[in-house]
Amino acid sequence: MNQVVVHPERCVGCMQCMLACATAHSQSGTLFGATLEQPLPKSRIHVGAGRFNEGFPNRCRHCDPAPCQAACLAGAINRVANTGTVMINPDRCINCASCAMACPYGVIRFHEDPLGPPNRQIAVKCDNCSSRVVRGLIPACVEVCKTGTLTWETVDDAMRRKNREVSRAMSSGGPGQPAVPDGVALLKTIKQAELEIGER
Amino acid sequence: MKHVIIGNGIAGVSAAEAIRELDAKAAITMIGDETFPPYSRPMISSVLEGSQPHSKLPIRPKGFYNDLSIEPCLGQRATAIDILGHRVVLADGSTVGYDRLLIAAGADPRPVNATGLELQNIFYMRTEAHSAAQVAALPGATKAVVLGGGLVGFKAAYGLLRRGLQVTMLITSGYPLSMQVDPVAGQMIMDEMSRYGLTVEVGVSVTGFTGSGKVAAVETDDGRSLPCDLVIIGKGVLPCRDFIPRGQIAVDLGVVVNEFMQTSAANIYAAGDVAELIDLARGRRWVNALWPEAASQGRVAGYNMAGRQVAYPGSLSRNVMRVFELDVLTLGDANPGDTSGYEIVQSGGPTSNIYRRLVIKENRLIGAVFINEIEQGGILRALIENQVPLRLPATKMVRRGFNFGQLV
């Protein structure tokens, strides 16, 4: 089963995934339409700054078992059997934030959602773009990612590919192949150096 | 195998589900005082506040007992456990035999020692029935007194303020939420509540209630009489342990259990608000009467009862409260009395409207208070629960941009 796999070492922090996610979860479904909507649609993937100011895309892991589901006071969180996606029922959510206390990754936000009940704040998180996937599309964040940080594949495939990349990078036989594209590696080095100089 | 569960709160319900998950055939009997379908106890404060209807309280289907082939024995409490005879004695004198027993009897509101408690419109805040009665008493009520400045008291006061009543909160201790937060956070919460009309009086106890039929005033220990037409008593809870034979089952404040949720008596387990077990942040036994704790403990107890040995590393206090524009999250030992040997890192405060406080002992996080921007709180909970040494300086963890990526 395909799922969104994150390769954080490739992220350059461009935040295009956030724009695409907010657009995908808007009423109009278009970027320009979304900017005019009330409430303003918000991203469910969160690119934060890592320890060295590198980009870090953070999204729901759809854990199994899911701590948020176990902690939900209102019984509003469930898992969709065939896809494994953990979903929040916007009409049962009471906005108590118990899930925020349970989530070990800090990926749940609280705000009014264009697709939820009007004038009410609720817990919002990644839904694996379920409504796009049933239409044969891939999740919006993956579609827009330019660096291969977000991929849509089976975990087995992702692991195999990663293993190959690392093996080649470590290979002593030749020049080797970098595990991360040269441009991305350079950008991260510059950011880290910048930070270290600033802290000196 | 015959399993008997005393209590049909979330600990008992979670245990029954866990047993059924592993064993389709075992007999399960649930003894419960409340006859209402399994419901979300914390949500009763939303009912008082008016943000959720009473009808939304149930969190299991109507046919819960039937669907899981559980024999319900509802409407009465257990009054004794006959350990030698392997049976539970009920209020009406009948008995229920068991092979494995779970004590998930929960807790009762801590009573107040005052006269006039029989007057109308004096409520505890513990069950769906309490919340229904509170809501029924709201029309016509204008002045309320809330006893207790803990979480229950605050939720009651918040609900009544949202309903438009004038609310006075009487607290015996020095500042509100003193069990949960440090004085800085306590002040921020009190300021917010005061801004919306709450009157808080500290260091005051109640000696009695007066009125004819209905409560009309509260008498305080400093000799005053405060007029009111509604009272909510929220002075915390005490584990239901009266029916437990003390000589045969180890009981401290709660029923003492080991990491497999076993009591000191063979084949008897305990979970939820009645259980006392190691607190991960404090490193000693503690009763954490909290809903998510009860759910987890119940599930683990159920697995162990059904024969699959599962350890529960320990409990952890945690709470989140949303009052008006303030989100308050507390974790673990956020306010240790004696702070020698602890490292305490704080940022923000009343002027910035954001406050973060971390309590660290031997380079491990053991407690935290967050006011506003609480979305990353779960990361801290995981750090406390996993008891991992901190790799990131605490001064960076209290910054606004702190996120999971910085720990990787």
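Heads up: these notes are all about the structure in this document. Given the structure is predicted, the values throughout are model-derived calculations rather than measurements. (Residues numbered from 1 in each chain as written. Chains lettered and ligands numbered in written order. Predicted model: local features only at pLDDT ≥ 70, side-chain atom pairs only at ≥ 80, totals over all residues. Heavy atoms only, no water.)

### Section: the overall build of chain B
Logical step 1: Looking only at helices and strands, chain B has 9 helices and 26 strands in total.
Logical step 2: Taken over C-alpha atoms, the radius of gyration comes to 22 Å for chain B, in line with the 22 Å a tight globule of 408 residues would show.
Logical step 3: In terms of overall dimensions, chain B has C-alpha extents of about 65 × 60 × 40 Å along its principal axes.
Logical step 4: For chain B, the proportion of contacts with a sequence separation of at least 24, taken over those separated by at least 6, is 62%.
Logical step 5: In the form shown here, chain B has an accessible surface area of approximately 16300 Å², with 49% of it arising from carbon and sulfur atoms.
Logical step 6: When the 38 positive and 38 negative side-chain charges of chain B are each reduced to one mean point, those points stand 4 Å apart. (Helix = DSSP H or I, 4+ residues; strand = E, 2+ residues; numbered from the N terminus. Rg over C-alpha atoms; globule rule 2.2 N^0.38 Å. Contact = heavy atoms within 4.5 Å. Areas by Shrake-Rupley, 256 points an atom, 1.4 Å probe, with all protein chains shown as cover. Lys, Arg positive; Asp, Glu negative; His and termini not counted. Charge placed at Lys NZ, Arg CZ, Asp CG, Glu CD.)

### A short note on the pairing of strand β5 (residues 87-90) of chain B
Residues and elements named next belong to chain B.
Logical step 1: In this sheet, β5 lies alongside strand β4 (residues 78-82) in antiparallel orientation, the contact comprising 4 bridges. Bridge pairing in β5 links A78 to L90.
Logical step 2: The turn linking β4 back onto β5 is made up of 4 residues, and H86 within it adopts a positive phi angle of 50 degrees.
Logical step 3: Taking the residues that link successive antiparallel strands as the turn, the β5-strand β6 (residues 95-97) hairpin has 4 residues, and the phi of G93 there is positive, at about 95 degrees. (Pairing = 2+ DSSP bridges.)

### So, the nonpolar core
All names here are of chain B.
Logical step 1: Core analysis: the biggest nonpolar cluster contains 92 residues, and L160, I189, M193, L358 and L380 have the highest contact counts within it.
Logical step 2: For this core, the element with the highest residue contribution is helix α5 (residues 151-162), accounting for 7 residues.
Logical step 3: Excluding residues that lie within four positions of it along the chain, L160 makes contacts with L48, L138, A144, V146, L165, V167, L230 and I232.
Logical step 4: Formed by 54 residues, the second largest nonpolar core is a distinct cluster that contains F64, V251, A270 and M305. (Core = buried A, V, L, I, M, F, W, Y, C linked by side-chain atoms within 4.5 Å. Buried < 20%, exposed > 50% of the residue type's maximum accessible area, 1.4 Å probe, protein only.)

### Details of the packing of aromatic side chains
Logical step 1: In this structure the tally under the stated criterion is 6 aromatic pairs over all chains.
Logical step 2: Between the aromatic rings of F36(B) and Y39(B), the centroid separation amounts to 5.5 Å while the plane-to-plane angle is 80 degrees, which identifies the pairing as edge-to-face.
Logical step 3: Relative to F324(B), the ring of Y158(B) lies with its centre 4.8 Å away and its plane at 80 degrees, an arrangement referred to as edge-to-face. Here Y158(B) is found in helix α5, whereas its partner F324(B) is found in the loop between β22 (318-323) and β23 (326-332), with 166 residues between them in sequence.
Logical step 4: Exposure remark for Y158(B): the relative accessible area of 8% places this residue in the buried category.
Logical step 5: Taking the relative accessible area as the measure of exposure, F324(B) reaches 18% and is therefore buried.
Logical step 6: Put simply, the rings of F56(A), Y105(A) and F404(B) touch in pairs and so form one group of aromatic residues.
Logical step 7: The positively charged end of R282(B) is found above the aromatic ring belonging to W286(B), 3.9 Å away from the centroid. (Phe/Tyr/Trp six-rings, centres within 6.5 Å; stacked < 30°, edge-to-face > 60°. Lys NZ or Arg CZ within 6 Å of the ring centre and 35° of its normal.)

### Examining the layout of surface pockets
Over the atoms rolls a probe the size of a water molecule, and its path tells where empty space is left.
Logical step 1: The volume enclosed by the second largest pocket comes to roughly 1200 Å³.
Logical step 2: Those elements giving two or more residues to the lining of the second largest pocket turn out to be α3 (67-71), β4 (77-79) and α4 (98-102) of chain A together with α1 (10-22), α7 (291-305) and α8 (377-386) of chain B.
Logical step 3: Per-class residue counts for the lining of the second largest pocket are 25 nonpolar, 6 polar and 11 charged.
Logical step 4: The residue makeup of the lining of the second largest pocket includes at least three contributed by each of domain 1 (2-108 + 237-305) and domain 3 (325-407) of chain B. (1 Å grid on protein atoms, 1.4 Å probe; cavity = no way out; pocket = protein on both sides within 12 Å on 5 of 7 lines; lining within 4 Å. Points joined across faces, edges and corners; volume = space filled by probe spheres on them. Nonpolar A, V, L, I, M, F, W, Y, C, P; charged D, E, K, R; others polar. Domains from an automatic or database assignment.)

### Thoughts on unusual backbone geometry
Residues and elements named next belong to chain A.
Logical step 1: Put simply, Q38 and P39 share a cis peptide bond, and its omega is 0 degrees.
Logical step 2: Mapped onto the secondary structure, P39 falls in the loop between α2 (31-35) and β2 (46-49).
Logical step 3: Here the residue pair D64 and P65 is connected by a cis peptide bond, since its omega of -5 degrees sits within 30 degrees of zero.
Logical step 4: Inspection of the secondary structure assignment puts P65 in the loop between β3 (55-58) and α3.

### So, the environment of L19(A)
Residue and element names in this part refer to chain A.
Logical step 1: Following the sequence through the fold, L19 ends up in helix α1 (residues 16-24).
Logical step 2: On the accessibility criterion, L19 (49% relative accessible area) is partly exposed.
Logical step 3: Separated by 25 residues in sequence, L19 and R44 place their C-alpha atoms 9.7 Å apart.

### Here we look at the sheet that holds β4(B)
Residue and element names in this part refer to chain B.
Logical step 1: Across the sheet, 3 strands lie side by side as β4-β5-β6; this open sheet has antiparallel pairing. Every other strand in the sheet has two partners, leaving β4 and β6 as the edge strands with one partner each. On average, each strand axis in the sheet is tilted by 25 degrees relative to the strand beside it, whichever way the strands run. (Axes fitted to C-alpha atoms, helices over the stretch in contact; angles between N-to-C directions.)

### Quick look at a nonpolar patch on the surface
Residue and element names in this part refer to chain A.
Logical step 1: A contiguous nonpolar surface patch, about 340 Å² in accessible area, is contributed by L19, L31 and F32.
Logical step 2: Its place among the elements puts F32 in helix α2.
Logical step 3: For F32, a relative accessible area of 69% puts it in the exposed group. (Patch = residues over 30% accessible without salt bridge, like charges linked within 9 Å, V, L, I, M, F, W, Y side chains within 5 Å. Salt bridge = Lys/Arg side-chain N within 4 Å of Asp/Glu carboxyl O.)

### Digging into the interface of chain A and chain B
Logical step 1: Taken residue by residue, the interface counts 33 residues in chain A and 34 residues in chain B.
Logical step 2: Approximately 2500 Å² of surface area, both sides summed, lies buried where chain A meets chain B, with 56% of it carried by carbon and sulfur atoms.
Logical step 3: Considering only the side of chain A, the residues that lose the most area to chain B are R51(A), L73(A) and M101(A), jointly responsible for 30% of the buried surface there.
Logical step 4: Applying the counting rule to chain A against chain B returns 13 residue pairs in polar contact (both at pLDDT 80 or more).
Logical step 5: Counting residues per element, the ones that place at least two in the side of chain A that touches chain B are β2, β3, α3, α4 and β6 (109-111) of chain A. (Buried area = accessible area lost by both parts, 1.4 Å probe. Polar contact = N/O pair within 3.5 Å; in protein donor to acceptor, adjacent residues only side chain to side chain.)

### Observations regarding the packing of α1(B) against α7(B)
All names here are of chain B.
Logical step 1: Packing of α1 against α7 brings their axes to within 7 Å, and their N-to-C directions diverge by 35 degrees. Crossing of α1 over α7 shows right-handed handedness. Between α1, through I10, A11, S14, A15, A18, I19, E21 and L22, and α7, the contact on the second element is made entirely by W291, A294, A295, G298, R299, G302, Y303 and M305.
Logical step 2: For the contact of α1 with α7, the residue count by class is 11 nonpolar, 3 polar and 2 charged. (Left-handed = near helix turned anticlockwise from the far one by under 90°.)

### Some remarks on the sheet that holds strand β25 (residues 354-361) of chain B
Residue and element names in this part refer to chain B.
Logical step 1: A sheet is described by the order of its strands in space; here 5 strands give the open sequence β22-β23-β26-β25-β24, paired in antiparallel fashion. In this open sheet, the two edge strands, each paired with only one partner strand, are β22 and β24 (343-349). Adjacent strand axes in the sheet meet at a mean angle of 10 degrees when their direction is disregarded.
Logical step 2: In terms of strand pairing, β25 meets strand β26 (residues 364-371) through 7 bridges, oriented antiparallel.

### What to know about the side chain of Q406(B)
Logical step 1: Inspection of the secondary structure puts Q406(B) in the segment after α9 (394-397).
Logical step 2: Its relative accessible area of 11% is what places Q406(B) among the buried residues.
Logical step 3: A distance of 2.9 Å separates a polar side-chain atom of Q406(B) from the backbone oxygen of A49(A).
Logical step 4: The residues contacting Q406(B), other than those within four sequence positions of it, are A49(A), G50(A), R51(A), L392(B), K396(B) and G401(B).

Keep in mind these numbers describe shape, not what the thing actually does.
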